[in-house]
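Letter by letter, the chains look like this.
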Amino acid sequence: MLYGIPNLAKFGSLGTVPYEQTFDPLTMKATINNYDNSFLILLNSIIMLFIIFVFILFYIHNLKCVYRLQKKQANGEHINTFKEDLRVMVNGKFHITLLTLPTLGVVIMNILPILVLIAVAFTNYDQNHMPPNALFHWVGFANFKSLFANSMTITFGYAFRKILGWTLLWAVLATFTTFFGGILLAKAINSKTTKWPKMWRTLFIIAIAVPQFVTLLLVRNFFADTGIVNTICSNLGITGFLQHVGLVSKSINYIPFLTEEHWAKVMIVLINIWVGVPYQMLIATGVLMNIPVDQLESARIDGANKFQIFWKITMPYIMIVQGPALITDFVKNINNFNVIYLLTQDVYITPDQALANSNGKEVDLLVTWLFRLTNEYYNYKMASVIGLIVFIICAAFTLVSFSKMMKRNGEGGM
């Protein structure tokens, strides 16, 4: 009852989010209450704070310019007119004009989303607080406490430690296996003893040409519990042998390539090698072709064997050229969504109840866990916290690695 009027409100369902319907006697229709949209309020606030910050920077810059012009006027120097300033922006400072649009794009596409991500991490934005049907509010560091704590009811701490460990291990394995695999493959193809090198190189390039999501989905079907690989292994007696040595449980009649934790992790790394090595092979081929021949000949004359030449001359040269790319690949593999998600989604089911309570899986990376939290469970608050942690890990690793690399190359720190 509201001001003597019978309460005609009822509750429906908008996806997984409840919303309130109110019957309007004037239009004879049920309408959704017009609540405030917390997310729009947050987004507009961040944009306005950013605009105010930029305005302050421009204001300080203008004060400096006015002071500089005032000194020029006192010294009797020429002061540019507005047309002359425009001419300078097209000539002497044309680089600033060209960088304006890309800088604006970086701000809109990168900086503002990061600021929104940071802000959401301090709210209770989830499926029970979905704007515009329900407001969310600030909760301080409660989400961070949930991520790092461990209890019977809140298992995010347990899931975070387990998934973080696998994420870092995966990034190391995926980066170095494809890196060294590509170098070895390039050396093998470019070797004088290899016949038809162009044919081999073309075959690996074709593997790159196929879209990765198509390749991964096909491979997932090949290695399914009822897939063609399991059929072949069963017919050849490989499945029975693995059961005999204890690598496969005797309660099942297939090899759990993508449905058991340890098998799935090994298969993910192996499949990633097959997908990623051709890229590294092409890059390494270009680098190897530019190694000074006189250095290699001098090493051979001095009695160095093939391994010593590779380790003392070839690898240092490759590391100087590909060092930054190697760091980039490591960060990229921390966020390598496609390989993990496409191979294990709707295939791998976790037997760990604590992980399941936090909507995670043993084969998840932080980025796939984050995606599942947002796309399937609408837990934006915890996803934002995880996204912030991933950003900090990637940024810290990149800054430290590039700084050490530049110092080692004699260019000074960052």
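Rules used in this analysis
- Residues numbered from 1 in each chain as written.
- Predicted model: local features only at pLDDT ≥ 70, side-chain atom pairs only at ≥ 80, totals over all residues.
- Heavy atoms only, no water.
- Helix = DSSP H or I, 4+ residues; strand = E, 2+ residues; numbered from the N terminus.
- Rg over C-alpha atoms; globule rule 2.2 N^0.38 Å.
- Buried < 20%, exposed > 50% of the residue type's maximum accessible area, 1.4 Å probe, protein only.
- Contact = heavy atoms within 4.5 Å.
- Areas by Shrake-Rupley, 256 points an atom, 1.4 Å probe, with all protein chains shown as cover.
- Lys, Arg positive; Asp, Glu negative; His and termini not counted.
- Charge placed at Lys NZ, Arg CZ, Asp CG, Glu CD.
- Salt bridge = Lys/Arg side-chain N within 4 Å of Asp/Glu carboxyl O.
- Phe/Tyr/Trp six-rings, centres within 6.5 Å; stacked < 30°, edge-to-face > 60°.
- Patch = residues over 30% accessible without salt bridge, like charges linked within 9 Å, V, L, I, M, F, W, Y side chains within 5 Å.
- Core = buried A, V, L, I, M, F, W, Y, C linked by side-chain atoms within 4.5 Å.

Novice: Please explain the overall build of the protein as it appears in this structure.
Specialist: Summing up its helical and strand segments, the protein has 16 helices and 3 strands in all. What you see for the protein is a C-alpha radius of gyration of 29 Å, clearly larger than the 22 Å of a compact globule of 414 residues, by over 25%. Residues counted as buried form 34% of the 414 residues belonging to the protein. Once local pairs closer than 6 in sequence are excluded, the contacts in the protein between residues at least 24 apart make up 62%. For the protein, the exposed area adds up to about 25,600 Å²; of that, 68% sits on carbon and sulfur atoms. Positive and negative charge centroids in the protein, built from 30 and 20 side chains respectively, lie 8 Å apart.

Novice: I keep staring at the pattern of salt bridges and nothing clicks. Help me out?
Specialist: Should their charged atoms come close, side chains of opposite charge can pair. Using the criterion set out here, one finds 7 salt bridges in the structure. Asp126 is the partner of Lys381 in a salt bridge, and the nearest nitrogen-oxygen pair spans 3.3 Å. Of this pair, Lys381 sits in helix 16 (residues 380-408) while Asp126 sits in the loop between helix 3 (94-120) and helix 4 (142-148); the two residues are 255 residues apart in sequence, bridging distant segments of the chain. Each member of the pair Lys381 and Asp126 is classed as buried. Measuring nitrogen to oxygen at the nearest pair gives 2.4 Å for the salt bridge that ties Arg372 to Asp364. Across the pair, exposure class does not vary: Arg372 and Asp364 are buried alike. The network of salt bridges with common partners includes Asp364, Arg372 and Glu376.

Novice: Would you explain the packing of aromatic side chains in this entry?
Specialist: Centre distance and the angle of the planes are the two values used to describe a pair of aromatic rings. A complete count under the given rule lists 19 aromatic pairs for this structure. Centroid distance Tyr125 to Phe136: 4.6 Å. Interplanar angle 20°. Geometry classified as stacked. With Tyr125 in the loop between helix 3 and helix 4 and Phe136 in the loop between helix 3 and helix 4, the pair connects residues that are 11 residues apart, well separated along the chain. The same class applies to Tyr125 as to Phe136, namely buried. Considering the side-chain rings of Tyr341 and Phe371, the 5.2 Å spacing of their centres and the 80° angle between planes classify their relative orientation as edge-to-face. With Tyr341 in helix 13 (residues 337-344) and Phe371 in helix 15 (residues 366-375), the pair connects residues that are 30 residues apart, well separated along the chain.

Novice: Explain a nonpolar patch on the surface to me, please; I cannot follow it from the model alone.
Specialist: Side chains of Leu49, Ile52, Phe55, Ile56, Tyr59, Ile60 and Leu63 sit close together on the surface and give an oily, nonpolar patch of about 720 Å² of accessible area. Within the secondary structure, Ile56 is located in helix 1 (residues 38-74). Since its relative accessible area comes to 42%, Ile56 is described here as partly exposed.

Novice: How should the nonpolar core be read in this particular structure?
Specialist: One recurring pattern in soluble globular proteins is that nonpolar side chains are buried together. Of all hydrophobic cores here, the largest spans 29 residues; its most connected members are Trp170 and Phe257. Counting residues per element, the ones that place at least two in this core are helix 5 (156-190), helix 7 (212-222), helix 8 (228-236), helix 10 (261-288) and helix 13. Among the elements that make up this core, the one with the highest residue count is helix 10 (7 residues). Contact partners of Phe257, with chain neighbours within four places excluded, come to Phe223, Val229, Asn230, Cys233, Trp263, Ala264 and Met267. Formed by 24 residues, the second largest nonpolar core is a distinct cluster that contains Phe160, Phe330, Ile386 and Val390.

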